[in-house]
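# Geometric and topological summary
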Amino acid sequence: MENKSLTNRVELRNIAKSFGGVAALKDVTLKAMPGEIHALMGENGAGKSTLMKILSGVHQKDKGQIFIDGEEAHIKNTFDSKKLGIGIIYQEFSLVPDLSVAENIFLNRLGENGWWLKRKKLNQEAAGLIESIGFTIDPSVKVNRLSIAQQQVVEIAKALSENIKVLILDEPSAVLGPTEVLKLFDTLFKLKKNGVAIIYISHHLSEIFKIADRVTVIKDGTSSETLDVANTDKDTIIRMMLGRTLNAMFPPRETAVGKEVLRAENIGIAGKVKNVSLQVNEGEVLGIAGLVGSGRTETVRAIFAADKRTAGTVFIHEKKVAFASPVDAVKHGIGMVPENRKLQGVILSLPIKENISLTNLKGISNGLGFINAPKETGNADSLIKKLNIKAPNGDLATGKLSGGNQQKVVLAKWANTNCKVMIIDEPTRGVDVGAKVEIYKLINDLAAQGVATLVISSETAELMGICDRILVMREGQIQGELNKTEFTEENILRLSIGAH
Amino acid sequence: MGTTLKNSIQLIIRHNTIVIFLIMLLVSAMMSDAFFTANNLSNLIRQLAPVGIVSMGMLLVILTGGIDLSVGSVVAMAGVLIALFSQSMPLSVAVLAALGSGVLAGAVSGYLVSYQKIAPFIATLALMTIVRGCGFIFSKGAPIMVDDQAAALTDFGSGRTLGIPNPAIVLFIVFAITAILLKYNVFGRILIATGSNEEAVHLSGIKVHLYKFSVYAIIGGLAALAGIISTARTSVGSPNLGVGMELDVIAAVVIGGTSLKGGKGSAINTFLGVLILGMMGNVMNLLDITAYSQQIIKGVIIILAVLLQRFQDK
């Protein structure tokens, strides 16, 4: 028995954890060997993040045991966790924006070499670490000037700078484009060779099959048996997660494309976007694919007037429009679900109903701005029901919802208006499979109502599943347009990396 | 038994501003026989009116995540201007002009903060010294007595309606309007939303800049109103009025549980914060505690109040 546990780098035995009577974890057992990539899957709310927080020392387990290299570990705080060699990359990064890359990487050891910062030495060591995982980032640059993908690289380098035995990554690919994901995989394979046990949390089935050795599914706080990836298939895993098969993910749709609603001509943003023209019709779903940093988000934000553009014209129903700010865009019937849900989409501290009302305050108030409370509640309740937002009522703080349900609140904000154009930037980032299906269905419904929809996504399968046409961007320009018959992952990837 | 105790502790923590208020009331009544006299209470509320009125404006500003340090200077400038204008203009015009000067000063801050993206602390710090200077220039550096022909002004300031001092009535009205706007009106809703997540409000198609601008104009107007009332109460417009007042006002708002980060706060709690702060000073005066010790005690009580609110957030 003792010998067996020695072979595991990390072993969790029957972990349970409750918060105020609500069980977040009931019985989770997970073992990862040195040099293993172990995928941990499960819907949002299944308990994955609680498990991570127990390992990182943020929460303490109620029941169960944790072993590191066969020895029982008692993790009481984050310091214990670090000492045991556990490194964690969260979805939300823990970098200090105003410090340099090198300073961030060595943040907790800045004082070890005396009082004075030895910048040159720090920078050299940081550059070395970053290069060792296949990237080049200037270590003297401040973190707030990096892209999200680059920030993640810094996070990984930071974890590596300590002598780690276990690395846990929470949805690491969510913020990366396809080539960056490949680099991430390379990094993980290198770590694997060095004997690190990697626990890889992801919603992306295809990734699991590319990199993981074994997979464990958590559902409702309980872990499944662990499967060898080589001996299983996608449908099995999806069934374990929610009892649904892959083909059912994308609802079938009949496209009835009408006349043009939105047209953008030669959109330009200095240094970021050049000569982008696009056009979306009634009832059509147009996808924009491309790597992170290809100018997708910048383009749609410029159309919505959230950012200034330096060139180009926008037409709504063939009429030229000039938006000074999102206020004008919304007036002309454009809605936008922004890229970053928590920072741009919802107000976490406010109730669901107040978030929903935000796009249509006129509709729930009188001429003097006084709010008709029953009307607001009724309106919110009907949208909560229609979009199947899992909440007892509209008074719940939006921050208490899971990511998928928060995303549905953002969609409900715009379902609350009569918008003719919907721009949806990353519709399902950090959203579990169940909510994904529902969001796809909502997008379908919008199109069926004649809304012209523009979807940006880093998930190629998602774009192919829900779009009628896909534009692929690279380095601020449109590289090509694909019709439904030309949709393949390869075609999209080729255009996005310029290999066509 | 255990759970009832736990529940009541939670109740106390949730309504801590009221609890602190009641404790202060009790302590005040016990420590000084003079506290619960009609004369003392009506004097107290009359004195509190200027700080209370400005606190309502400060609440709005802080809800959006901002701050206004210029209020004391605006109080002084408007106090000087009303004394000055009432010498030569009909009183109603003088009042409007003095109010207008406050709105204008606030609008300048609002423009700098909202449209020029200058940090509120810096923009209003600059306005604080500019407006203070204006007050001195308008008054030529000396206090201005209210002219006899504007007796209506001083009558109002020292008078009562239905037994309540007039300045207190103005405070109640300002409080009621603020409370109603915050609770039932789109305006209040947007201010709170802006303080919580400005970007999300902006992307929802709301004119965030206009709302942020407007709260500074409003607090400017309210500070001017406070200045007019001060002058009406004392018959003197002094350019030295309201030095350090911004600190009292901010303290009252914070004691009322408002988050300086924005997005969280209420009119009733701010009102209680004003009363708590006022009672503290009043009782300490009644007990003949020296001004120096008073400052220390005041500071300690502010820290305790804010620490207590910490529990609430958890």
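Conventions used here
Residues numbered from 1 in each chain as written. Chains lettered and ligands numbered in written order. Predicted model: local features only at pLDDT ≥ 70, side-chain atom pairs only at ≥ 80, totals over all residues. Heavy atoms only, no water. Phe/Tyr/Trp six-rings, centres within 6.5 Å; stacked < 30°, edge-to-face > 60°. Helix = DSSP H or I, 4+ residues; strand = E, 2+ residues; numbered from the N terminus. Lys NZ or Arg CZ within 6 Å of the ring centre and 35° of its normal. Contact = heavy atoms within 4.5 Å. Buried area = accessible area lost by both parts, 1.4 Å probe. Salt bridge = Lys/Arg side-chain N within 4 Å of Asp/Glu carboxyl O. Polar contact = N/O pair within 3.5 Å; in protein donor to acceptor, adjacent residues only side chain to side chain. Nonpolar A, V, L, I, M, F, W, Y, C, P; charged D, E, K, R; others polar. Core = buried A, V, L, I, M, F, W, Y, C linked by side-chain atoms within 4.5 Å. Buried < 20%, exposed > 50% of the residue type's maximum accessible area, 1.4 Å probe, protein only. Domains from an automatic or database assignment. Pairing = 2+ DSSP bridges. Arc of directions from axis to C-beta.

## Observations regarding the packing of aromatic side chains
This structure, assessed with the given rule, holds eight aromatic pairs over all chains. Plain terms: the ring middles of B:Phe172 and B:Phe271 are 6.0 Å apart, the flat faces sit at 55° to each other, and that makes the pair tilted. Of this pair, B:Phe172 sits in helix α8 (residues 166–184) while B:Phe271 sits in helix α13 (residues 267–286); the two residues are 99 residues apart in sequence, bridging distant segments of the chain. Between A:Lys183 and the ring centre of A:Phe135, over which it is positioned, the NZ or CZ distance is 4.9 Å. The aromatic ring of A:Phe315 is capped on one face by A:Arg263, whose charged end is 4.3 Å from the ring centroid.

## Some remarks on the interface of chain B and chain A
Counting residues at the interface gives 19 residues for chain B and 31 residues for chain A. Summed over both sides, the interface between chain B and chain A buries roughly 2,000 Å², with carbon and sulfur atoms accounting for 63% of that surface. Of all residues in chain B, B:Arg189, B:Leu203 and B:Ser204 bury the most surface against chain A, accounting for 34% of the area lost on that side. For the pair chain B and chain A, the number of links is three salt bridges. Notably, a salt bridge pairs B:Glu199 with A:Arg301, separated by 3.4 Å at the nearest N-O pair. At the surface where chain B touches chain A, the tally comes to eleven residue pairs in polar contact (both at pLDDT 80 or more). For the side of chain B that touches chain A, the elements supplying multiple residues, two or more each, are α8, α9 (186–196) and α10 (198–203) of chain B. For the side of chain B that touches chain A, the element with the highest residue contribution is α9(B), accounting for six residues. For the side of chain B that touches chain A, a count of residues per class yields ten nonpolar, six polar and three charged.

## Considerations on the nonpolar core
Among the nonpolar cores identified, the biggest contains 125 residues, and A:Leu167, A:Leu188, A:Leu278 and A:Phe304 are the most heavily contacted of them. Per element, the largest residue contribution to this core is nine residues, and it comes from helix α16 (residues 433–448) of chain A. There are two domains that each give this core at least three residues, and those are domain 1 (2–247) and domain 2 (260–497) of chain A. Discounting residues that sit within four places of it in the chain, A:Leu167 has contacts with A:Gly87, A:Ile88, A:Ile89, A:Ala159, A:Leu188, A:Leu191, A:Val196, A:Ala197, A:Ile198 and A:Ile199. Core analysis: the second largest hydrophobic core is formed by 93 residues, B:Val51, B:Val61, B:Ile228 and B:Leu277 among them.

## Describing the domain arrangement of chain A
Residues and elements named next belong to chain A. Taken as a whole, chain A is organised into domain 1 (2–247) and domain 2 (260–497). Here the C-alpha centroids of domain 1 and domain 2 sit 31 Å apart. Across the contact, 16 residues belong to domain 1 and 18 residues belong to domain 2. There are zero salt bridges connecting domain 1 and domain 2. Linking domain 1 to domain 2 there are zero residue pairs in polar contact (both at pLDDT 80 or more). Listed by contribution, the elements that provide at least two residues to the side of domain 1 that touches domain 2 are α7 (178–193) and α9 (234–242). Per-element accounting of the side of domain 1 that touches domain 2 gives the leading share, three residues, to α7. Its residues placed into classes, the side of domain 1 that touches domain 2 shows six nonpolar, six polar and four charged.

## Comments concerning the side chain of A:Thr216
Residue and element names in this part refer to chain A. Structurally, threonine 216 is set in strand β9 (residues 214–219). Since its relative accessible area comes to 0%, threonine 216 is described here as buried. A distance of 2.6 Å separates polar atoms of two side chains, one belonging to threonine 216 and the other to histidine 38. Separated by 2.8 Å, the side chains of threonine 216 and threonine 226 make a polar contact. Not counting residues up to four positions away in its chain, the partners in contact with threonine 216 are Thr29, Leu30, His38, Ala39, Leu40, Met41, Ser223, Ser224, Glu225 and Thr226.

## Overview of the pairing of strand β21 (residues 477–483) of chain A
Residue and element names in this part refer to chain A. Bridge analysis of strand β20 (residues 469–474) against β21 gives six bridges, and the strand direction is antiparallel. When the bridges of β21 are listed, isoleucine 470 appears paired with leucine 482. Between the end of β20 and the start of β21, which pair antiparallel, lie two residues, with glutamate 475 showing a positive phi angle near 45°.

## A closer look at helix α18 (residues 489–497) of chain A
Residue and element names in this part refer to chain A. Listing the buried residues of α18 in full gives Ile492, Leu495 and Ser496. Buried residues in α18, looked at end-on, bunch into an arc of 100°, giving them a common side. On the buried face of α18, the contacting elements are β14 (285–290), α17 (460–466), β20 and β21. If you check the start of α18, you find a side-chain oxygen 3.0 Å away from the backbone N of asparagine 491, and it comes from threonine 488. Positive phi appears at glycine 498, one or two residues downstream of α18, with a value of about 75°.

## Here's the deal with the environment of A:Val300
Residues and elements named next belong to chain A. For valine 300, the location among the structural elements is in helix α10 (residues 296–303). The class for valine 300 is buried, based on a relative accessible area of 0%. Separated by 189 residues in sequence, valine 300 and glutamate 489 place their C-alpha atoms 23 Å apart. Contact partners of valine 300, with chain neighbours within four places excluded, come to Ile288, Met336, Ile423, Asp425, Leu454 and Ile456.

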